[in-house]
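# Coordinate analysis (summary)
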Amino acid sequence: MTPTNRRILVVGAGFAGAVHARTLAENGYRVHVIDRRPHIGGNAYDRVDENGIRVHVYGPHLFHTKNEAVIAWLKRFGRFTPYQHKVRVRLPDGATAPLPINRTTVNIVHGTDLQTEAEVKAFLASVAVPIAHPANAAEYLYSRIGTALTDLFFRPYTRKMWLMELEDMAASVVQRIPINYDDTDTYFERTQTQMMPVDGYTALFDQILSHEAITVDLGVGYEKGMERDYGHCFTSMPIDEYFDYVDGELPYRSIRFHHRTATEAPEQGWSVTNFTDDGPLTRETAWHIIPHHLVERTGRYTYTAEEPCDYKDNGFERYYPVKTADGRFQARYDLYKERAKDLATISFIGRCGTYQYLDMDQVINQSLAHVGKWIAERSGQGAA
Ligand SMILES: Cc1cc2nc3c(=O)[nH]c(=O)nc-3n(C[C@H](O)[C@H](O)[C@H](O)COP(=O)(O)OP(=O)(O)OC[C@H]3O[C@@H](n4cnc5c(N)ncnc54)[C@H](O)[C@@H]3O)c2cc1C
């Protein structure tokens, strides 16, 4: 392989780009990472603010996975602490109840005193609407938990987040929402490993990208033809943007973050509170509850509320790909994916390169597999 072929351009210093860069560097390639933002870490970027609180700048990132290989890979680059994430929903009377719905939630919302899992199951069956074949998300939830819990916990949130009614969403979207008939009050399944980086995500990325064969340039956007000087380009840029939106835009929901400082921090046992009202905000994070997020004691605490919006109303910050029941944007993405097949030296990676919502563990897993296969194919040809 020629020296040029040994040089790789990686666009994006988020998890997709960082995993590709590190793996390539460890396999003898020289890697140039660029990101148009002024920092590494992509959407997982965090910083300690003026209140001494570690804040995730693009919303709370809780690491959870069942994938042991991903855990082993990550642990090479930092220390982690176990953390069981908990979420509560604020009800119209100001009380809060656990999410996902559990026995306590049912008792608080319905004023019952159910004691056992069997009682909870029987009660939910009694309030459920008998719909044999739910045609949409509303019907599915009504047939499982009844109208009161559905309209309180899921209807306003869906409206705010997706600008959609539950009736317009496929039942499959909500089928995986867990219901705990016991008192389990952790947000993610207990069978998953949940952990947080002790020194934050940015420090973790610092270590991942810290390799003599990797150079990182921040505040540098991709420009057409940049890949000319490299053997290959892995890019986590939005695929529609690369092709100048020729087949139309791939839309995203975005979030505006509203930070406030409080001088008192109630001893609450959960970090995220979801809102059920009709206002613009979906949830608020109390950062100091998450381990290693109260970095310096200043007597001040940062809380961050989230207001969903269209990505065009938030400086083209792309967060959640928009999924519709008719799959029209997925079909549009498929057109771009077809076009990408003609590009021999460019691979689209990560959330915006493949137009999927991916959790961090999924991005790491996919990236390890993708770059591993790419390297193996070149080695097989005797090129590497
Ligand atoms: C609000 C929110 C909350 C989340 N919470 C969780 C959570 O709790 N747990 C979890 O597992 N996952 C969570 N995620 C998902 C997580 O953010 C993603 O899995 C991860 O960020 C994907 O990494 P990525 O590299 O694909 O994309 P990104 O992190 O977005 O990185 C892509 C990078 O590419 C850069 N880039 C794009 N275009 C260009 C260009 N033209 N030139 C140069 N640079 C460019 C961007 O600036 C960006 O830094 C959350 C996501 C969001 C939006």
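Every residue gets a number counted from 1 within its own chain, in the order that chain's sequence is written. pLDDT decides what is reported in this predicted model: residues at 70 or higher carry local features, side-chain atom pairs at 80 or more are listed and counted, and totals for whole chains, interfaces and linings draw on all residues regardless. Only hydrogens and water are removed before side-chain values are computed, so all heavy atoms of the structure are retained for them.

The next thing to look at is the overall build of the chain. When you go through the chain residue by residue, the secondary structure sums to 11 helices and 17 strands. Relative to the globule expectation of 21 Å for 384 residues, the C-alpha radius of gyration of the chain, 23 Å, shows essentially globular dimensions. A principal-axis box enclosing the C-alpha atoms of the chain has dimensions of 70 × 50 × 40 Å. Each residue is placed in one exposure class: buried if its accessible area under a 1.4 Å probe, protein chains only, is under 20% of its type's maximum, exposed if it is over 50%, and partly exposed if it falls in between. Counting the 384 residues in the chain, one finds 53% classified as buried. Every accessible area reported is derived by Shrake-Rupley at a probe size of 1.4 Å, with residue values counting cover from the shown protein chains alone. Total accessible area on the chain is roughly 17800 Å²; 49% of this is exposed by carbon and sulfur atoms. Measuring between centres, the 42 positive side-chain charges of the chain sit 4 Å from its 49 negative side-chain charges. Secondary structure elements are taken from DSSP: a helix is a run of H or I of four residues or more, a strand is a run of E of two residues or more, and numbering for both begins at the N terminus. Here the globule rule is a power law, 2.2 Å times the number of residues to the power 0.38, and the radius of gyration is based on C-alpha atoms. Positive: Lys, Arg. Negative: Asp, Glu. His and the chain ends are not part of the count. By convention, charge coordinates are those of NZ in Lys, CZ in Arg, CG in Asp, or CD in Glu.

This paragraph deals with the pairing of strand β8 (residues 96-99). Side chains Thr 96 and Pro 98 project from β8 onto one buried face, and the interleaved Ala 97 and Leu 99 project onto a second face that is buried too. The pairing criterion is simple: DSSP has to find at least two bridges between the two strands. The turn linking strand β7 (residues 87-90) back onto β8 is made up of 5 residues, and Gly 94 within it adopts a positive phi angle of 95°.

Within the open sheet, the 7 strands sit side by side as β8-β7-β13-β14-β15-β12-β16. Their pairing is mixed. The open sheet is flanked by β8 and β16 (320-321), the only strands paired with a single partner. Strand direction decides the pairing type here: strand β12 (residues 252-262) and β16, joined by 2 bridges, are antiparallel. In the sheet register, Arg 253 faces β16, and the bridge partner there is Tyr 320. Running at roughly 145° to β8, helix α3 (residues 103-110) makes contact with β7 and β8 of the sheet. Note on definitions: a residue-residue contact is assigned when non-hydrogen atoms from the two residues lie within 4.5 Å. Axis lines are fitted through C-alpha atoms, for helices just across the contact stretch, and the angle between N-to-C directions can take any value from 0 to 180 degrees.

This brings us to the state of the cysteines. As used here, a disulfide is simply a covalent bond connecting the sulfur atoms of two cysteines. Any cysteine sulfur atom paired with another within 2.5 Å is treated as part of a disulfide. Under the defined criterion, the tally for this structure stands at 0 disulfides. Residue Cys 309 stays outside any disulfide, its sulfur separated by 15 Å from that of Cys 352, the closest cysteine. Overall, the relative accessible area of 6% leaves Cys 309 in the buried class.

The cutoff for a nearby residue is simple: one of its non-hydrogen atoms must lie within 4 Å of the molecule or strand. Near the ligand there are 30 residues, and of these Asp 35, His 61, Arg 351, Leu 358 and Met 360 occur at the shortest range. Definition of a polar contact: a pair of N or O atoms within 3.5 Å, with one able to donate and the other able to accept a hydrogen when the atoms are protein atoms, and with sequence-neighbouring residues admitted only if both atoms are side-chain atoms. With respect to the ligand, the backbone of Leu 62 contributes an N or O atom lying 2.8 Å from an oxygen atom. Residue Tyr 222 places a main-chain N or O atom 2.9 Å away from a nitrogen atom belonging to the ligand. Considering the ligand on its own, with 1000 Å² of exposed area, one finds that the protein chains cover 96% of that surface. For the shell around the ligand, the secondary-structure elements that each account for two or more residues are α1 (15-26), α10 (350-353) and α11 (360-380). When residue character is reported, Ala, Val, Leu, Ile, Met, Phe, Trp, Tyr, Cys and Pro are called nonpolar, Asp, Glu, Lys and Arg charged, and the others, Gly included, polar. Of the residues contributing to the shell around the ligand, the split by class is 16 nonpolar, 8 polar and 6 charged. Note: domain ranges come from an automatic or database domain assignment. Structurally, the shell around the ligand is a two-domain feature, drawing no fewer than three residues from each of domain 1 (1-40 + 209-245 + 322-384) and domain 2 (43-86 + 186-199 + 252-321).

Another point: helix α7 (residues 201-208). Among all positions in α7, only Tyr 201, Thr 202, Leu 204, Phe 205 and Ile 208 are buried. Along the long axis of α7, the arc covered by the buried residues comes to 155°, so they all point the same way. For this quantity, the arc is that covered by the directions from the helix axis to the C-beta atoms.

Another aspect to go through is the nonpolar core. Only buried residues count toward a nonpolar core, which is a set of Ala, Val, Leu, Ile, Met, Phe, Trp, Tyr and Cys residues joined through side-chain atoms within 4.5 Å. Ranked by internal contacts, the top residues of the largest apolar core, which has 51 residues, are Phe 15, Leu 24 and Leu 74. Looking at this core, the elements that each hand over two or more residues are β1 (7-11), α1, β2 (30-35), α2 (68-75), β9 (193-197), α7, β15 (301-310) and α11. Broken down by element, the residue count for this core peaks at 7 residues, all from α1. Both domains that furnish three or more residues to this core are identified here as domain 1 (1-40 + 209-245 + 322-384) and domain 2 (43-86 + 186-199 + 252-321). Contacts of Leu 24, omitting those with residues within four sequence positions, involve Ile 8, Val 10, Tyr 29, Val 31, Phe 234, Val 371, Trp 374 and Ile 375.

If you check the domain split of the chain, you get domain 1 (1-40 + 209-245 + 322-384), domain 2 (43-86 + 186-199 + 252-321) and domain 3 (102-146 + 153-174). Across the boundary between the two partners, domain 2 contributes 13 residues, which contact 7 residues of domain 3. Buried area: the accessible area, evaluated with a 1.4 Å probe, that two parts lose upon being put together, summed over both parts. If you sort the residues of domain 2 by the area they bury against domain 3, Arg 253, Thr 276 and Thr 282 come out on top, with a joint share of 49%. A pair is scored as a salt bridge if a Lys or Arg side-chain nitrogen falls within 4 Å of a carboxyl oxygen belonging to Asp or Glu. Counting across the domain 2 and domain 3 interface gives 1 salt bridge. Its salt-bridge partner being Lys 160, residue Asp 277 comes within 3.4 Å of it at the nearest N-O pair. On the surface where domain 2 and domain 3 come into contact, there are 5 residue pairs in polar contact (both at pLDDT 80 or more). Listing elements by their share of the side of domain 2 that touches domain 3, those giving two or more residues are β13 (272-275) and β16.

The next point concerns the sheet that holds strand β17 (residues 346-348). Overall, parallel pairing links the 5 strands, which are arranged β10-β2-β1-β11-β17 in an open sheet. Of all the strands in the sheet, the pair left with one neighbour each is β10 (214-218) and β17. For this sheet, the mean inter-axis angle between neighbouring strands, taken without regard to orientation, is 20°. With 3 bridges joining them, strand β11 (residues 232-235) and β17 adopt parallel strand pairing. Bridge pairing links Phe 234 to Ser 347 in β17.

Let us look at the pattern of salt bridges. Going through the model one piece at a time under the given rule, you end up with 23 salt bridges. A salt bridge links Glu 26 to Arg 22, with the shortest nitrogen-to-oxygen separation between them at 2.7 Å. In this pair, Glu 26 and Arg 22 both sit in helix α1, 4 residues apart, roughly one turn of the helix. Given the relative accessible area of 35%, Glu 26 is considered partly exposed. When the shortest N-O distance is used, the salt bridge between Glu 317 and Arg 37 registers 2.7 Å. Of the two residues, Glu 317 sits in the loop between β15 and β16 while Arg 37 sits in the loop between β2 and β3 (46-48), which places them 280 residues apart along the sequence. Residue Arg 37 is classed as buried on the basis of its relative accessible area, which comes to 17%.

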